[in-house]
2 protein chains.
Amino acid sequence: MRILAAQINPTIGDIQGNCSKILHALEEAEKQKAEIVITPELALTGYPPEDFLLKKDFIAAVEKALSSLIPKTKKVGLIVGLPRKNLARHGKRLFNSAAVLWEGKLLGYQDKMLLPTYDVFDERRYFEPGEKSLIWNFGNRKIGITICEDIWPHGGGEFAEIYAKDPIETLKGTSLELLVNLSASPYHVGKSPIRQKVASIAAIDLAIPVVLCNQVGGNDSLIFDGSSFLLNLEGKLISSAPAFEEAFTLFDTESALLTLPSKSPWEELFAALVLGIKDYFAKSGFKKACLGLSGGIDSALVACLAVTALGKENVLGIAMPSRYSSPESVQDAEELAKHLDIPLRTISIEGPFSAFLELLAPHFKGIAPDTTEENLQARIRGMLLMAFSNKFGMIVLSCGNKSELAMGYSTLYGDLCGGLAVISDLTKQQVYGLSHWINREQEIIPESTLTKEPTAELKPNQKDSDSLPPYELLDKILVDYIEEGLSKEEILQQGNYSKELVSEIVKKIHLNEYKRRQAPPGLRVSEKAFSKGRHFPIVQKWQ
Amino acid sequence: MRILAAQINPTIGDIQGNCSKILHALEEAEKQKAEIVITPELALTGYPPEDFLLKKDFIAAVEKALSSLIPKTKKVGLIVGLPRKNLARHGKRLFNSAAVLWEGKLLGYQDKMLLPTYDVFDERRYFEPGEKSLIWNFGNRKIGITICEDIWPHGGGEFAEIYAKDPIETLKGTSLELLVNLSASPYHVGKSPIRQKVASIAAIDLAIPVVLCNQVGGNDSLIFDGSSFLLNLEGKLISSAPAFEEAFTLFDTESALLTLPSKSPWEELFAALVLGIKDYFAKSGFKKACLGLSGGIDSALVACLAVTALGKENVLGIAMPSRYSSPESVQDAEELAKHLDIPLRTISIEGPFSAFLELLAPHFKGIAPDTTEENLQARIRGMLLMAFSNKFGMIVLSCGNKSELAMGYSTLYGDLCGGLAVISDLTKQQVYGLSHWINREQEIIPESTLTKEPTAELKPNQKDSDSLPPYELLDKILVDYIEEGLSKEEILQQGNYSKELVSEIVKKIHLNEYKRRQAPPGLRVSEKAFSKGRHFPIVQKWQ
């Protein structure tokens, strides 16, 4: 069987635009003699459409788009993801569905049966679960259709626990020849092999090939990797679509097995972040970015990512030294800008800093300098970046990493300024790892940026290690607590930490919820990011 | 029957503290010869506990607290709201339950059957729905127990549509003598009579009295009004607990009907906002607030609310005039501070403003002043407020209203600075209404603040009406679109608006999602607030 996976990069709410991409896929399929085109989950709206789903005119526009697609499927069938109305008396007003189009007719809908409502997913907010998995006849071909989560519980683990139903189980012993899965399965480091493993279990247990079409592209915090694939009835990979790019990929169940070149994990992470930046800009109509270059590793990494995503002509670096900045920091920023071939403006913040200190002196008389004065500097920098943003229509890129965000080692309205927090889901260790990977062939990030001790340079001789535990230790505990969801007791069993240290870190994470609530949206690349999918109260007494 | 409603104000995650309040209620009940104490929904954790529910040690602490309560119920029974483990093989790991304690024993649990997952609610993220409504024997008394949402579909309307089950319907024809409802039902303007109406339909249909115990207090954006009550079997109010304050209220089903003094809607709104501020500070251990006093109505209203909530000794006003501020503005700020008897610092922002303009001049050469320079002023003010916050441990109160937030008529990191956005869910019209109510007996907010035309004073002769439609018109359209959920077409049918105006407003609302994403948490007082319960993507092409 020849299936074309339309691994499209939809824009949320651009129903016409997304529909055009699907029409284009149908044309391409005809050329390539495919029998059926499949799309990602909710392809007509883009995933996740969030509360637009509650708007009647939005759903009407989806229905209109579907109507326009039906007559275009006379030669090639189409399985297209979309929300559809639930006309039953009770229940949520929508199903998360696949419309099945064949020979110019709408055969019907396969509704998603399992609705993820955890982490970044809130499908129970909008959808009623489908009742059963149907068998669909495309001429004499019998195909089963699942939507994303529907195949996951059969793979075991925590997913098996959540749901009472297992759609794959109910399809056993039927006459299916192929199982299709429409997905909008977001990326995190290491996700793709897990997704393939889950699909392979379905393939093996049903003893049929499985083809999965996944959304690609960045939508706010979420990055979708695409990586659509076809597995044979033994669950082995026959062929796959590229990761992190839009593609129409022809999958032929008769093809031989493929041997894939393996991608380095850093290469994958780099591609994910680049796509996240690219789409945040392109889909909102922006071209240019600016960012503060401190000479430190975080801003250096963000600059490299931005240049790859937006082009060097669209990235402006701004060095904003203060009385506490070392000359080496500015040199490092200059060297980086030279390596990346981007313009660098250098603006000393001494003038406004002095003006603020003078203005506040009578009010702060007799009180020693503290973080107030440190924050002033970070906020002046934020203001300058925002002035460039306002004046030239640039988006400010925020350079904080996950370790800093966790600990509140950042200034609200200072370095937390920005339209997009590019590396906010990378621990400091990952920031180093990815930076070294960037430098694998030539020095792009200056060597001294990589080797010097991290410092915020907001007071004389300041080092991150004055305020924070060593990053190696901190990052491990952060991952255990935030991503793995371990309790303090379980973390203590993992490593040789002091109880006080673990308690202090966990306390600080929750204490700084208020800062993160006002942080820019950040690109999600881990299983649990701060930016989306993690809901904690600001005011609480548990930690 | 004599029931004591423990209308407590729990702190999220303060399991021991919340448990102590319940123990205290049991003691009080014994004194008052009550037979049973009832609490709000999830009383042991506070509502909403959010992702703390996913933590094993959190649930273990709830279990421990419940164990400590059991032996204390030898003389007075207890129906207490708490999360409990779901031990079944499949499904979410918790139920949202009521533990039923009687004669020193745990009789069992009544699980919440209907789990709201819309607006501010996300209960399907954590809980599995309960299977049925049981009849509970307290000695020879037969009592039915429902949890919040469980009684709502029976009242009809949109709630009847969502759920296939109606717990009240299943209790019809049983031998129940009393129906209990544990609630954590958040306040919005006009909510209390709706809640009573829904309960009265249950009372009438079951022909038994209904007693409802609702949580009171502010938890981040959500304000709970309490207003617990007892209705007789005709659905008439026998007695009610106070609104917006903690109370142990004895409800006696044998009592005569009560005639209640009616509260003005403005009085109610004022009390709600005051409670929201009070709890945000008290529960996070803060005492002092500062805010910018511009001489305008928004900051004047916030100052009045803050003084009532925190005491005049804990509120600092800061006037920050610029070259564009009129002398009248500073006079109005001074007069307000005098009326409220709070200190006022006056700090001209000219110094830092000039310093920034000078610093940026070479970079902005040849480009006319625009919003960049306006935003600089707002951001300098934000920085000064944050400096006071950092230096003196004050929380900055943000003074933006809902109309401004909707239109993006505010400066990110400028007037959007703050720990709490007090009036962010009030339209400009409501800001005027509440301010006039505050001045009902004497002039607290200066008359000229109430009568002058609104202006941001960020450039010469600026007026809000230069950039925004008249507030009367704007606010109506905003309420129609945001709170009523009407489409543009439906809005056009409501009033004599131009199609362009409605389109432009709706477009601006969505365009400014990015600013609101970084706005401080705001107190929710409407059916649809920006701060919580409204989920839209930043990057989208629908509007």
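Each remark here, short or long, concerns the structure printed above.
As the structure is a computational prediction, the values presented were derived from the model and not from experiment.

**Q** Got a minute to help me understand the packing of helix 6 (residues 265–282) of chain A against helix 7 (residues 297–310) of chain A in this structure?
**A** Geometry of a packed helix pair, given as the angle between the helix axes and the separation of the axes. Residues and elements named next belong to chain A. It is at 8 Å that the axes of helix 6 and helix 7 come closest, and there the two elements cross at 60 degrees. Considering the angle they form, helix 6 stands oblique to helix 7. The element helix 6 and its partner helix 7 pack so that their crossing is right-handed. Of the residues in helix 7, those touching helix 6 at Phe270, Leu273, Val274, Ile277, Lys278 and Phe281 are Cys304, Leu305, Ala306, Thr308, Ala309 and Leu310. Split by residue class, the contact of helix 6 with helix 7 holds 10 nonpolar, one polar and one charged.

**Q** Sorry if this is basic, but what is going on with the pattern of salt bridges here?
**A** For side chains bearing opposite charge, pairing can occur when the charged atoms are close. Scanning the model with the defined rule gives 67 salt bridges over all chains in all. Notably, a salt bridge pairs Lys532 of chain B with Glu50 of chain B, separated by 3.5 Å at the nearest N-O pair. Here Glu50 of chain B lies in the loop between strand 2 (36–38) and helix 2 (56–69) and Lys532 of chain B lies in the segment after helix 18 (513–517), a separation of 482 residues in the sequence. Salt-bridge contacts for Lys459 of chain B lead to Glu374 of chain B; the nearest nitrogen and oxygen are separated by 3.7 Å. A residue pair is termed long-range when its members are at least 10 positions apart, and Lys459 of chain B in the loop between helix 13 (447–451) and helix 14 (464–467) and Glu374 of chain B in helix 10 (residues 371–392) qualify at 85 residues. Sharing partners across several salt bridges, the network here consists of Asp220 of chain A together with Glu513, Arg516, Arg517 and Arg534 of chain B.

**Q** It is not clear to me how the sheet that holds strand 18 (residues 395–398) of chain A should be interpreted in this structure. Could you clarify?
**A** Whether parallel or antiparallel, the strands of a sheet pair through hydrogen bonds between backbone atoms. All names here are of chain A. Spatial ordering of the open sheet is given by 17-16-15-18-19, a layout of five strands whose pairing is parallel. In this open sheet, the two strands that pair with only one neighbour each are strand 17 (344–346) and strand 19 (420–421). Of the strand pairs in this sheet, strand 18 and strand 19 are connected by two bridges, and their pairing is parallel. Residue pairing in the sheet places Ser398 in a bridge with Ala421 of strand 19. Seen against the sheet, helix 7 touches strand 15 (289–292), strand 16 (315–319) and strand 18 and runs at an angle of roughly 170 degrees to strand 15. Packing of helix 10 (residues 371–392) onto the sheet brings it into contact with strand 15, strand 16, strand 17 and strand 18, and relative to strand 15 it is tilted by some 170 degrees.

**Q** How should the nonpolar core be read in this particular structure?
**A** As a rule of thumb, soluble globular proteins bury nonpolar side chains together. Leu384, Phe388 and Met407 of chain A together with Leu384, Phe388 and Met407 of chain B are the most contacted members of the largest nonpolar core, which totals 92 residues. Once residues within four sequence positions are removed from consideration, Leu384 of chain A is found in contact with Met320, Ile347 and Ile349 of chain A together with Phe356, Leu359 and Leu360 of chain B.

**Q** I tried to follow the interface of chain A and chain B on my own but got confused; where do I start?
**A** Where the parts come together, the accessible area they lose is often given as the size of the interface. Contacts between chain A and chain B engage 91 residues on the former and 91 residues on the latter. Sorting the residues of chain A by area buried against chain B places Lys391, Val539 and Trp542 of chain A first, and these three jointly supply 10% of that buried surface. Our count for the chain A to chain B interface comes out at 10 salt bridges. In this structure, the salt-bridge partner of Lys391 of chain B is Asp370 of chain A, at a minimum N-O distance of 3.1 Å. Joining chain A to chain B, the criterion identifies 44 residue pairs in polar contact (both at pLDDT 80 or more). For the side of chain A that touches chain B, the secondary-structure elements that each account for two or more residues are helix 2 (56–69), helix 3 (158–162), helix 9 (350–360), helix 10 and helix 16 (488–494) of chain A. Of the residues belonging to the side of chain A that touches chain B, the class tally is 44 nonpolar, 20 polar and 27 charged.

**Q** I'm lost on the pairing of strand 15 (residues 289–292) of chain B in this one. Help?
**A** If a strand is regular, its side chains alternate between the two faces of the sheet. Residue and element names in this part refer to chain B. Residue alternation in strand 15 divides its side chains into two sets, Ala289 and Leu291 and Cys290 and Gly292, and both sets are buried. Pairing geometry for strand 15 and strand 16 (residues 315–319), over four bridges, is parallel. Bridge pairing in strand 16 links Gly292 to Ile318. After leaving strand 15, the chain enters helix 7 (residues 297–310) and then returns to the sheet as strand 16, a path that is right-handed. As paired strands, strand 15 and strand 18 (residues 395–398) are joined by two bridges and run parallel to one another. Bridging across to strand 18, Cys290 finds its partner in Val396.

**Q** What is the right way to read empty space enclosed by the protein from this model?
**A** Using a probe with the size of a water molecule, rolled over the atoms, empty space left in the structure can be pinpointed. Residues and elements named next belong to chain A. This structure, assessed with the given rule, holds seven cavities of 30 Å³ or more. Looking at the second largest cavity, its volume works out to about 90 Å³. If you go around the second largest cavity, the residues you meet are Tyr47, Pro48, Pro49, Glu50, Leu53, Val120, Phe121, Asp122, Glu123, Tyr126, Phe127 and Lys532. Taken together, the residues that form the lining of the second largest cavity break down as eight nonpolar, no polar and four charged.

**Q** Honestly, the relation of the copies chain A and chain B in this entry has me stumped. Any pointers?
**A** Here the two chain copies are tied together by a rotation about an axis and a shift along that axis. Take chain A, turn it by 180 degrees, move it 0.0 Å along the axis, and it overlays chain B with an RMSD of 0.0 Å. Accordingly, the operation relating the two chain copies is best matched by a two-fold axis. Taking C-alpha positions as the reference, the residue of chain A nearest the rotation axis is Gln518 of chain A, at 2.1 Å. The residues that chain A uses at the interface reappear at the interface of chain B in 100% of cases, marking a shared surface.

**Q** Before we go on, may I ask you to explain the side chain of Asn219 of chain A in this structure?
**A** Mapped onto the elements of the fold, Asn219 of chain A is located in strand 10 (residues 216–219). Each residue touching Asn219 of chain A, except ones within four places of it in the same chain, is listed here: Pro10, Ile12, Tyr47, Pro48, Phe224 and Lys283 of chain A.

**Q** Would you explain the pairing of strand 16 of chain A in this entry?
**A** Residue and element names in this part refer to chain A. Of all five residues in strand 16, five are buried; the element is thus mostly enclosed. The alternating pattern of strand 16 places Val315, Gly317 and Ala319 and Leu316 and Ile318 on opposite faces, both of which are buried. Bridge count between strand 16 and strand 17: three bridges; the pairing is parallel. Counterpart to Ala319 in the pairing with strand 17 is Thr346.

**Q** Honestly, the sheet that holds strand 1 (residues 2–7) of chain B in this entry has me stumped. Any pointers?
**A** All names here are of chain B. Taken together, six strands build an open sheet; the order of strands is 5-4-3-2-1-14 and the sheet is mixed. Of all strands in the sheet, those bounded by a partner on one side alone are strand 5 (105–111) and strand 14 (247–252). Within the sheet, the average angular offset between the axes of one strand and its neighbour, ignoring direction, is 30 degrees. In this structure, strand 2 lies alongside strand 3 (residues 77–85), joined through three bridges in parallel fashion. Bridge pairing links Ile38 to Ile79 in strand 3. Running over the sheet, helix 2 touches strand 3, strand 4 (94–102) and strand 5 and is turned about 160 degrees from strand 3.

**Q** Is there a simple way to explain the environment of Leu384 of chain A in this structure?
**A** Along the polypeptide, Leu384 of chain A turns up in helix 10. As a C-alpha pair, Leu384 of chain A and Ile349 of chain A span 35 residues in sequence and 8.9 Å in three-dimensional space.

**Q** Could you clarify how one ought to interpret the environment of Arg124 of chain A in this entry?
**A** Its place among the elements puts Arg124 of chain A in the loop between strand 5 (105–111) and strand 6 (135–138). Residue Arg124 of chain A is classed as partly exposed on the basis of its relative accessible area, which comes to 21%. C-alpha separation for the pair Arg124 of chain A and Lys92 of chain A, spaced 32 residues apart in sequence, amounts to 8.1 Å. When residues no more than four places from it in sequence are discounted, the contact partners of Arg124 of chain A are Lys92, Leu115, Pro116, Thr117 and Pro129 of chain A together with Thr117 and Arg124 of chain B.

**Q** When you look at the state of the cysteines in this model, what are you seeing that I'm missing?
**A** Here a disulfide denotes one covalent bond, and it connects the sulfur atoms of two cysteines. All names here are of chain A. Counting across every chain of the model gives zero disulfides over all chains. The thiol of Cys19 is not disulfide-bonded; the next cysteine sulfur, from Cys213, is found 15 Å away. Here Cys290 is not disulfide-linked; the sulfur of Cys399 is the nearest cysteine sulfur, at 10 Å.

**Q** Help me understand the side chain of Arg379 of chain A in this model?
**A** Within the secondary structure layout, Arg379 of chain A lies in helix 10. Among all residues touching Arg379 of chain A, those that are not within four sequence positions of it are Thr411, Leu412, Tyr413 and Gly414 of chain A together with Met383, Met386 and Asn390 of chain B.

**Q** Hey, could you run me through the packing of aromatic side chains in this one?
**A** When we look at a pair of aromatic rings, we describe it by the centre distance and by the angle of the planes. Under the counting rule described, the total for this entry stands at 30 aromatic pairs over all chains. Between the aromatic rings of Phe388 of chain A and Phe364 of chain B, the centroid separation amounts to 5.5 Å while the plane-to-plane angle is 65 degrees, which identifies the pairing as edge-to-face. Of the two residues, Phe388 of chain A sits in helix 10 while Phe364 of chain B sits in the loop between helix 9 (350–360) and helix 10, which places them in two different chains. Residue class for Phe364 of chain B comes out buried when judged on its relative accessible area of 8%. When the ring of Phe270 of chain B is compared with that of Trp437 of chain B, the centres are 5.3 Å apart and the planes differ by 50 degrees; the resulting orientation is tilted. Highlighted residues: Phe270 of chain B in helix 6 (residues 265–282) and Trp437 of chain B in helix 12 (residues 428–438), separated in sequence by 167 residues. Like Trp437 of chain B, Phe270 of chain B is buried.

Procedures and definitions
Chains are numbered independently. Their residues run from 1 in the order of the written sequence. Chain letters start at A and ligand numbers start at 1, both assigned in the order the entries are written. The model is predicted, so local features are restricted to residues of pLDDT at least 70 and side-chain atom pairs to those at 80 or more, both for listing and for counting; the totals for chains, interfaces and linings are taken over all residues. Side-chain numbers come from the whole structure's heavy atoms, not from hydrogens or water. Convention adopted: a line fitted to C-alpha atoms gives each axis, helices being fitted over their contacting stretch, and angles between N-to-C directions are expressed from 0 to 180 degrees. A helix here means a DSSP run of H or I that spans at least four residues, while a strand means a run of E at least two residues long, and both kinds are numbered starting from the N terminus. Comment on the angle field: the value is read as roughly parallel under 35 degrees, roughly antiparallel over 145, roughly perpendicular from 65 to 115, and oblique elsewhere. By definition, turning the near helix anticlockwise from the far helix through less than a right angle yields a left-handed crossing, and turning it clockwise yields a right-handed one. Two residues form a contact once any of their heavy atoms are found within 4.5 Å. Note on residue categories: nonpolar means Ala, Val, Leu, Ile, Met, Phe, Trp, Tyr, Cys or Pro, charged means Asp, Glu, Lys or Arg, and polar means any other residue, Gly included. Basic side-chain nitrogens of Lys or Arg form a salt bridge, by our definition, when they fall within 4 Å of a carboxyl oxygen of Asp or Glu. Two strands qualify as a pair provided DSSP detects at least 2 bridges between them. Buried residues of nine kinds, namely Ala, Val, Leu, Ile, Met, Phe, Trp, Tyr and Cys, make up a nonpolar core once their side-chain atoms join them within 4.5 Å. Think of it in three bands: residues with accessible area under 20% of the maximum for their type are buried, residues over 50% are exposed, and the middle band is partly exposed, with areas taken using a 1.4 Å probe on protein chains only. We define buried area as the total accessible area lost by two parts upon association, computed with a 1.4 Å probe and summed across both. As used in this structure description, the phrase polar contact means that two N or O atoms lie within 3.5 Å; if the pair is within protein, one of them must be able to donate a hydrogen and the other to accept it, and residues adjacent in sequence are counted only when both atoms belong to side chains. With strands facing away from the observer, any crossover in which the path from the first strand over the helix to the second runs clockwise is taken as right-handed. Of the grid points, spaced at 1 Å and generated over the protein atoms alone, those admitting a 1.4 Å probe that cannot get out make up cavities, while open sets with protein on both sides within 12 Å along at least five of seven lines make up pockets; any residue with an atom within 4 Å of a point is treated as lining. Grid points are joined across faces, edges and corners, and a volume is the space filled by probe spheres set on the points. We superpose the copies by least squares over the C-alpha atoms of residues that have a pLDDT of at least 70 in both of them. Any two cysteine sulfur atoms lying within 2.5 Å of each other are counted as a disulfide. Between the rings of Phe, Tyr and Trp (Trp by its six-membered ring), a pair exists once the centres lie within 6.5 Å; its type follows the angle of the planes, with under 30 degrees stacked, over 60 edge-to-face, and the other angles tilted.

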